[in-house]
Amino acid sequence: MSGVMSSLPEAPERFSNSAYFTSSFTWTAPSAMWVRAHLVGGGGGGGASRGAASPACATGGGAGGYVREDIYVAAGTVLTGTIGTGGAGGVTNANGTTGGNTVLSDGAGYTSTASGGTGGTGNSTTTAAAASGGAVSAGGMRNIVAVAGGGSGATSCAAGATR
């Protein structure tokens, strides 16, 4: 039987091996084991101001969401991960784009997601609203920790302010 198991033995206090992935991947479990996954969504890109226009303000992008999850997999289970990239920054007068979601799945029904942060606000005359962070994880089997990413701060600029 392949896949994430529904009947769980007790998770270990410590894990003996580590693997870090910074790009999308496929991994096959060599035996039945616990896997501790740390997922981080891509941060949102910062907004852009009007450049030389006065006043002009923009905000940074929101942080990506975070998930830590312990899952028990059968031997031969193939886990696939998609790593969310950071959002693109805005160009003159434009908002930044939302960061990508980071997703872990087994292709047989198990999926856990850490959402990307929202892009920052650009093209504002005197204020720029804060960008929100990535949402709390969706799906998953046994989320140990699942938190939304932090938002950016709002900003206010006065006429003639130095940028």
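Not measured: the values here are computed from a predicted model.

Draft legend 1. Just the overall build of the chain, in detail. For the chain, the count of helices and strands is zero helices and 10 strands. Put simply, the chain runs from its N terminus to its C terminus through helices and strands in the order β-β-β-β-β-β-β-β-β-β. By residue count, 36% of the 163 residues in the chain fall in the buried class.

Draft legend 2. Seen up close, the environment of Tyr-66. Within the secondary structure, Tyr-66 sits in strand S3 (residues 66-73). Considering only alpha carbons, one finds Tyr-66 and Gly-41, 25 residues apart in sequence, at a separation of 6.6 Å. A distance of 2.7 Å separates polar atoms of two side chains, one belonging to Tyr-66 and the other to His-38.

Draft legend 3. Seen up close, the nonpolar core. In terms of nonpolar packing, the biggest core is built from 12 residues, these being Phe-25, Ala-29, Val-35, Ala-37, Leu-39, Val-67, Ile-71, Val-73, Leu-79, Leu-104, Tyr-110 and Ala-114. Every residue in contact with Ala-37, bar those within four places of it in the chain, is listed here: Val-67, Arg-68, Glu-69 and Leu-104.

Draft legend 4. Representation of the pattern of salt bridges within the structure. Within the structure shown, the criterion is met by one salt bridge. Between Asp-70 and Arg-36 there is a salt bridge, and its shortest N-O distance comes to 2.7 Å. Residue Asp-70 is located in strand S3, and its partner Arg-36 is located in strand S2 (residues 33-40); the two are separated by 34 residues in the primary sequence. The class for Asp-70 is buried, based on a relative accessible area of 3%.

Draft legend 5. A look at the packing of aromatic side chains. The final tally for this structure, using the stated rule, is two aromatic pairs. When the centroid spacing of 3.9 Å and the interplanar angle of 15 degrees are considered together, the rings of Phe-21 and Phe-25 count as stacked. Judged by its relative accessible area of 17%, Phe-25 is buried. For the pair Trp-34 and Tyr-72, a centre-to-centre distance of 5.5 Å together with 65 degrees between the ring planes defines the contact as edge-to-face.

Draft legend 6. The side chain of Thr-77, seen in detail. Relative to the assigned elements, Thr-77 resides in the loop between S3 and strand S4 (78-82). Assessed through its relative accessible area of 1%, Thr-77 is described here as buried. Polar side-chain contacts of Thr-77 include one of 2.8 Å to the backbone oxygen of Ala-74.

Draft legend 7. Main features of the side chain of Thr-102. Mapped onto the fold, Thr-102 is located in strand S5 (residues 102-105). By relative accessible area, which is 3% here, Thr-102 ends up buried. Polar contacts involving the side chain of Thr-102 include one to the main-chain amide nitrogen of Gly-84, which spans 2.9 Å. Beyond its immediate sequence surroundings of up to four residues, Thr-102 is in contact with Leu-39, Val-40, Gly-41, Gly-42, Thr-82, Ile-83, Gly-84, Ser-112, Thr-113 and Ala-114.

Draft legend 8. Structural detail: the pairing of strand S6 (residues 111-114). Examined bridge by bridge, S5 and S6 share four bridges and lie antiparallel to one another. Its bridge partner being in S6, Val-103 is matched across the sheet by Thr-113. Hairpin remark: S5 followed by S6, antiparallel, with five residues in the connecting loop; positive phi at Gly-107, about 75 degrees.

What counts, and where the lines are drawn
- Residues numbered from 1 in each chain as written.
- Predicted model: local features only at pLDDT ≥ 70, side-chain atom pairs only at ≥ 80, totals over all residues.
- Heavy atoms only, no water.
- Helix = DSSP H or I, 4+ residues; strand = E, 2+ residues; numbered from the N terminus.
- Buried < 20%, exposed > 50% of the residue type's maximum accessible area, 1.4 Å probe, protein only.
- Polar contact = N/O pair within 3.5 Å; in protein donor to acceptor, adjacent residues only side chain to side chain.
- Core = buried A, V, L, I, M, F, W, Y, C linked by side-chain atoms within 4.5 Å.
- Contact = heavy atoms within 4.5 Å.
- Salt bridge = Lys/Arg side-chain N within 4 Å of Asp/Glu carboxyl O.
- Phe/Tyr/Trp six-rings, centres within 6.5 Å; stacked < 30°, edge-to-face > 60°.
- Pairing = 2+ DSSP bridges.

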